[in-house]
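What follows is each chain in one-letter form.
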Amino acid sequence: MKTPPLVVVSGKGGVGKSAVAASVALSAHRAGARVLALSMVGNGAGLASHLGTGMLDTAPTEVRPGLFALTIDRSKALVEYLQVQMGLPAFATLGPAARAFDALASTAPAIREIVTIGKVAFEVRKKEWDLVVADAPPTGQIGSYLRAMKTISELVPTGKIREQAQWMEQILMTETNLMLVSIPEELPVSETGETLEWLQAEPLVKQVELVSNRVLPNLETDETNLPRGKAGDAARLHLLLQSEQRRWLEVLPPHHRLPFLFGVVTPSEVAARLSDEMDDWS
Amino acid sequence: MTKPILVAGGGGVGKTTLSAALAVAAARQGIRSLVVTVDPAKRLADALGLEGLGPEPSPHPSEPLLWAAMIDASASWAALAHRYADPAVADRMVSNPFFAAATNHFPASQSFAAAEEAANFLDARAWELVVIDTPPSAGGIEFFTSPSAMTDLVGGRLLRWLTGGRLPGRRFFFDRTARPALKMGDQILGASLLEGVAEFLMDLRTTYDGVAARSRQIETHLRNATTLVVTTADPTPIKEAIRFFRELPEVASRPAGVVFNRTLPEGWIDARPGRVRMELAENLQRWGSESRRQRDLRLEFASRYRTDLTTIPWKTTPPTDLDSLEAMVTDTEGISLLPLLRP
């Protein structure tokens with residue numbers, strides 16, 4: 001199956017979403033694709049460090065030839081949304097009204113989300129990229145982003161924002177792969193399970209792909225005959241963690257696995273190692 | 001006099017378990033202790049002998065000085081609305097179609113509800129030690145910033161500007177200053193959406209006096225409490241621990257120390273495996289390199305933030321009874337946590 005042009009990477013907090021998003025971008029870039037990696041969260045520092053670059057700008061910046069990155073700043077994205085997509089005049093001249101609208105929009109439901117996901121959809125629609133990879137909010141919030149267009153359509157009977165919502169919804173339904181990252185532990189796996197469940201009842205994206213991160217290598221050894229001392233202690237810890245991990249890996253349908261990286265320190269090294277693994281996936 | 005200990009940290013680092021362990025260790029030293037947890041795993045609730053753990057503190061069946069209570073993390077704006085607004089206004093707020101959306105948009109309200117509950121237990125003066133397991137939302141820092149965030153929200157510039165001063169009313173909303181933004185909003189969002197939002201915000205504004213007064217009391221509690229930051233050596237918890245050390249001195253107080261949970265033995269670094277099978281030697285070498293990463297990170301953290309450092313060994317089974325919970329506090333390495341428990 002051909003990879004859809006938009007990959008949205010989510011998962012429970014702390015499972016390595018930014019590392020996986022950066023790795024997807026690096027792997028596709030290595031295969032010759034023109035790639036945009038963008039961060040929907042915070043200031044994009046996590047994505048930036050995994051791509052081995054400094055602070056991200058709100059405009060696409062070339063990290064290496066053919067690989068671009070940006071971070072979405074909500075108020076700038078709102079201005080861009082109103083100007084480019086709504087056809088409003090230059091926003092700065094509206095002065096205090098613009099600031100007030102920004103404040104209002106951040107209180108009104110679904111506006112913040114539609115502005116952010118709208119920017120992502122807008123980049124996909126530009127057709128400048130072979131692949132857009134989004135480092136997305138955690139699974140706890142991803143629903144309100146993916147659902148933002150529906151929420152708007154329900155709340156607003158008419159108006160431009162409603163028309164805009166429709167083509168964005170189309171991009172999610174026809175061109176988007178939602179990648180749910182977890183680690184083989186109880187809470188991340190159950191969050192992934194819950195997300196899969198409501199997505200089955202309410203499909204909002206074209207396809208969902210699961211990835212388990214930090215999977216320990218198999219230690220095949222005779223458990224009953226472990227020596228005393230450090231090697232035996234390390235083996236006992238490993239075997240216990242391994243059996244715990246296996247239990248949680250089996251809860252989810254078959255999916256891709258990324259290895260636990262022992263002793264690896266820098267984020268860019270993590271992303272480089274994970275992207276090597278992804279090269280063998282397709 | 002009640003001594004409060006706040007156990008802070010991101011999600012999944014063992015914060016709830018350590019909170020319980022501190023209360024168990026204290027109770028066994030003769031200190032009347034209460035642990036206040038948010039959403040404990042079933043295993044832990046069982047360990048505390050409290051299957052039906054509820055919001056009311058209850059004593060442990062076999063450990064009379066150990067009390068436990070659970071905060072309902074979903075208690076949020078609905079509770080706040082009923083506490084700080086007139087009954088009719090509160091009902092209108094809760095039934096406003098934007099109420100649910102606004103609650104999602106402003107998760108600090110849940111942290112505020114938790115902080116408020118915790119403060120109630122301190123005000124009760126019924127325990128010598130109260131250990132509070134803080135909720136992990138927004139990296140955990142939100143628990144500490146929620147009083148000012150809540151006050152800002154209900155009394156902030158946006159609301160004042162929209163509602164036009166101390167006595168909010170619909171006519172102020174349609175005041176001259178608001179008109180250009182509203183016209184633009186109408187055009188893009190539709191008038192009904194804005195009206196609903198406006199009504200909700202104006203109702204919210206009536207809670208200001210109550211919320212502001214309680215916030216000041218909660219902030220005083222937070223400033224006087226002893227805070228322990230818990231983390232593992234994983235990247236996300238570390239980022240959150242750093243935030244606590246950078247931001248807590250401003251909003252509460254300087255953390256008393258950092259606790260690294262799930263620590264690998266330093267003896268595994270560059271260890272000689274001895275005469276063992278090859279797969280075991282390789283396995284020890286891998287875990288040794290991970291242990292080195294953990295140690296380097298701990299030492300850098302402790303020196304950069306000039307803090308006391310306590311480590312808890314990586315146990316392969318979580319504590320399942322009072323003895324193993326107590327051991328979590330007594331079998332640490334580095335700076336002992338026991339002196340912190342004394343009233």
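Since the structure is predicted, the reported quantities are computational estimates derived from the model, not experimental observations.

J.: Give a detailed account of the overall build of chain B, specifying residues and quantitative values.
T.: In terms of helices and strands, chain B carries 16 helices and nine strands. Looking at chain B residue by residue over its 343 residues, the buried ones come to 49%. Look at the contacts in chain B between residues 6 or more apart in sequence, and 75% of them connect residues 24 or more apart.

J.: Describe helix α8 (residues 160-175) of chain A, naming the residues involved and giving the relevant values.
T.: Residues and elements named next belong to chain A. Compared with the 22 Å implied by 1.5 Å per residue over 16 residues, the 23 Å span of α8 between its first and last C-alpha is a close match. Regarding α8, the residues found buried are Ile161, Gln164, Ala165, Met168, Glu169, Ile171 and Leu172. Taken end-on, α8 shows its buried residues confined to a sector of 155°, consistent with a single buried face. Exposed residues lying more than 90 degrees from the buried face of α8 are Glu163, Gln166 and Thr174.

J.: Run through the packing of helix α7 (residues 148-155) of chain A against α8(A), naming residues and quoting values.
T.: All names here are of chain A. Direction vectors running N to C along α7 and α8 enclose 150°, while the axes themselves pass 9 Å from each other. What the angle tells us is that α7 and α8 run roughly antiparallel. In this structure, α7 crosses over α8, and the sense of that crossing is left-handed. Within the contact between the two elements, α7 uses Met149, Ile152 and Ser153 and α8 uses Ile161, Arg162, Ala165, Met168 and Glu169. Within the contact of α7 with α8, the residues separate by chemical class into five nonpolar, one polar and two charged.

J.: Break down the sheet that holds strand β7 (residues 207-215) of chain A for me, with residues and values.
T.: Residue and element names in this part refer to chain A. Strand order in the open sheet formed by eight strands is β3-β4-β2-β5-β1-β6-β7-β8, and the pairing between neighbours is mixed. Where the open sheet ends on each side, the last strands, each with one partner, are β3 (61-64) and β8 (256-259). Going across the sheet, the axis of each strand differs from the next one's by a mean of 25°, ignoring polarity. Note: strand β6 (residues 176-182) against β7, six bridges, orientation parallel. Following the sheet pairing, methionine 179 is matched in β7 by glutamate 209.

J.: An account of the pairing of strand β2 (residues 35-39) of chain A is requested, with residue identities and associated values reported.
T.: Residues and elements named next belong to chain A. Burial within β2 is extensive, with five of its five residues counted as buried. Burial along β2 is two-sided: the residues Val35, Ala37 and Ser39 and Leu36 and Leu38 are all buried. When β2 meets strand β4 (residues 67-71), the two strands line up parallel, connected through five bridges. Pairing of leucine 36 across the sheet is with phenylalanine 68, part of β4. The sheet contact formed by β2 and strand β5 (residues 131-135) spans five bridges and is parallel. By the bridge assignment for β5, valine 35 is matched with leucine 131.

J.: How would you explain the sheet that holds strand β4 (residues 66-71) of chain B if you had to name every residue and give the values?
T.: Residue and element names in this part refer to chain B. Sheet architecture is open: nine strands sit in the order β3-β4-β2-β5-β1-β6-β7-β8-β9, paired in mixed fashion. Every interior strand has two partners, whereas the edge strands, β3 (58-59) and β9 (333-334), have only one. Direction of pairing for strand β6 (residues 226-231) relative to strand β7 (residues 257-263): parallel, over a ladder of four bridges. Note that in β7 the partner of valine 229 across the bridge is valine 258. Of the strands in this sheet, β1 (3-8), β6 and β7 touch helix α13 (residues 235-251), which is tilted by about 160° from β6.

J.: Now, about the nonpolar core: what can you tell me, with residues and values included?
T.: Counting 83 residues, the largest nonpolar core has Ile5(B), Leu22(B) and Ala23(B) as the members making the most contacts within it. Not counting residues up to four positions away in its chain, the partners in contact with Leu22(B) are Ile5(B), Val131(B), Val329(B), Leu337(B) and Leu341(B). Listed in part, the 71 residues of the second largest apolar core include Val9(A), Leu47(A), Tyr145(A) and Val211(A).

J.: Residue-level account of unusual backbone geometry, with values.
T.: Residue and element names in this part refer to chain B. If you check the backbone angles, aspartate 270 has positive phi at about 50° while not being a glycine. Following the sequence through the fold, aspartate 270 ends up in the loop between β7 and α14 (278-304). With a phi angle near 40°, arginine 306 is a residue other than glycine that sits in the positive phi range. Mapped onto the secondary structure, arginine 306 falls in the loop between α14 and β8 (309-313).

J.: Could you give an account of the confidence of the model for chain A, naming the residues involved and the relevant values?
T.: Looking at chain A, the pLDDT average stands at 88 and 87% of residues meet or exceed 70. Long-range and interchain partners of residues 91-97 of chain A, a stretch whose pLDDT sits below 50, account for seven contacts in this model, where long-range means more than four residues apart.

J.: Which residues make up the pairing of β7(B), and what are the values?
T.: Residue and element names in this part refer to chain B. In terms of residue burial, β7 counts as a mostly covered element, since five of its seven residues are buried. Chirality of the crossover, the property in question, places the unit of β6, α13 and β7 among those that are right-handed. Two elements, β7 and β8, share four bridges in a ladder whose sense is parallel. Bridge pairing in β8 links valine 259 to threonine 310. The parallel pair β7 and β8 is bridged by α14, and the resulting crossover is right-handed.

J.: Now, about helix α1 (residues 15-27) of chain B: what can you tell me, with residues and values included?
T.: In this model, α1(B) (13 residues) spans 18 Å end to end at C-alpha, consistent with the 18 Å of a helix rising 1.5 Å per residue. Counting buried residues along α1(B), 13 of its 13 residues qualify, which places the element largely inside the surrounding structure.

J.: Give a detailed account of the environment of Pro4(B), specifying residues and quantitative values.
T.: Residues and elements named next belong to chain B. Topologically, proline 4 is positioned in strand β1. Judged by local crowding, proline 4 falls into the buried class, with 21 C-beta atoms found within 10 Å. Separated by 221 residues in sequence, proline 4 and alanine 225 place their C-alpha atoms 5.1 Å apart. Setting aside residues no more than four positions away along its own chain, proline 4 makes contact with Leu122, Val130, Ile132, His221, Ala225 and Thr226.

Conventions and cut-offs
Residues numbered from 1 in each chain as written. Chains lettered and ligands numbered in written order. Predicted model: local features only at pLDDT ≥ 70, side-chain atom pairs only at ≥ 80, totals over all residues. Helix = DSSP H or I, 4+ residues; strand = E, 2+ residues; numbered from the N terminus. Buried ≥ 20, exposed ≤ 12 C-beta atoms within 10 Å, placed from the backbone. Contact = placed C-beta atoms within 7 Å. Expected span 1.5 Å × (residues − 1). Arc of directions from axis to C-beta. Axes fitted to C-alpha atoms, helices over the stretch in contact; angles between N-to-C directions. Parallel < 35°, antiparallel > 145°, perpendicular 65-115°, else oblique. Left-handed = near helix turned anticlockwise from the far one by under 90°. Nonpolar A, V, L, I, M, F, W, Y, C, P; charged D, E, K, R; others polar. Pairing = 2+ DSSP bridges. Core = buried A, V, L, I, M, F, W, Y, C linked by C-beta atoms within 7 Å. pLDDT = per-residue confidence, 0-100. Right-handed = clockwise from strand over helix to strand, strands pointing away.

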